[in-house]
Amino acid sequence: MSIEIFFQVIESIAVVIAVGFAIVQVRQYRRDKHREAAMELLHAFQAPDFTKALCIVYAMPEGLSEEEMKKFTGADFHLVYAMATTWESIGVLVCRGEIDLQLVDDFFSGPIRISWCRLEGFIKAERETNERETIFEWFQWLNERLGEQESEEAPVPANIEYQDWSPKTEWWE
């Protein structure tokens, strides 16, 4: 074997190794991005004001008018409004592919669906009052996407769905 062929073989092997390394790096990047998004969602959900807003919404009857909702929430109206803007922001991020819908479903499907049911009347009144149909449009969009997933298959509690779960051990995932 000549020296030229030897170096061509080495060069080919180096290219194959580089491509393999690049594939592994892209997978690692995607996994890290997914993990980072999950952690950000978790941090948002664990904020005391967010939790308080969610408790208020859970206790709220459906179909309240804007005035009734403001009376029901009292001084904490801004917390409920901030929670709704969080759902709005998550909707935009899901639509643009920054956060996976399944991840949001795993973390927040119940809270988002319940929040929309309780706040829908208020949001529609806000749209009418301000003559702006885009108010909380992404919150509504996200709720509808989650509803589509639930209409295909009823939600299964995680303790049942993952009862036989074990951690992934494959190095390439």
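Here we summarise the structure given alongside this text. (Residues numbered from 1 in each chain as written. Predicted model: local features only at pLDDT ≥ 70, side-chain atom pairs only at ≥ 80, totals over all residues. Heavy atoms only, no water.)

1. What about a nonpolar patch on the surface?
A grouping of Ile-3, Ile-5, Phe-6, Phe-7, Val-9, Ile-10, Ile-13 and Ile-17 is seen on the molecular surface, where their side chains present a nonpolar patch of about 750 Å² in accessible area. With respect to the helices and strands, Ile-17 occurs in helix 1 (residues 3-46). (Patch = residues over 30% accessible without salt bridge, like charges linked within 9 Å, V, L, I, M, F, W, Y side chains within 5 Å. Areas by Shrake-Rupley, 256 points an atom, 1.4 Å probe, with all protein chains shown as cover. Salt bridge = Lys/Arg side-chain N within 4 Å of Asp/Glu carboxyl O. Helix = DSSP H or I, 4+ residues; strand = E, 2+ residues; numbered from the N terminus.)

2. Re the packing of aromatic side chains
For the structure shown, the criterion picks out 10 aromatic pairs. Between Trp-116 and Phe-139 the ring centres are 5.1 Å apart and the planes differ by 85°, which places this aromatic pair in the edge-to-face class. Here Trp-116, found in helix 5 (residues 101-130), pairs with Phe-139, found in helix 6 (residues 137-152); they are 23 residues apart in sequence, far enough to count as distant. The burial state of Trp-116 is the same as that of Phe-139; both residues are buried. With centroids separated by 5.6 Å and ring planes inclined at 70°, the aromatic side chains of Trp-138 and Trp-141 adopt a geometry described as edge-to-face. Placement of the pair is Trp-138 and Trp-141 together in helix 6, with a separation of three residues, close to one helical turn. (Phe/Tyr/Trp six-rings, centres within 6.5 Å; stacked < 30°, edge-to-face > 60°. Buried < 20%, exposed > 50% of the residue type's maximum accessible area, 1.4 Å probe, protein only.)

3. Quick look at unusual backbone geometry
Residue Glu-131 is not a glycine yet carries a positive backbone phi of 50°. The backbone of Phe-136 shows a phi angle near 55°, a positive value even though the residue is not glycine. With respect to the element layout, Phe-136 can be found in the loop between helix 5 and helix 6.

4. Description of helix 5
Here helix 5 is 30 residues long, yet its end C-alpha atoms lie only 30 Å apart, well below the 44 Å a rise of 1.5 Å per residue gives. A bend of about 80° at Phe-108 is the largest found in helix 5, and the proline Pro-111 appears one to four places after it. At the exit of helix 5 stands Glu-131, carrying a positive phi of roughly 50°. (Expected span 1.5 Å × (residues − 1). Bend = angle between axes of the 7 residues up to and from the residue.)

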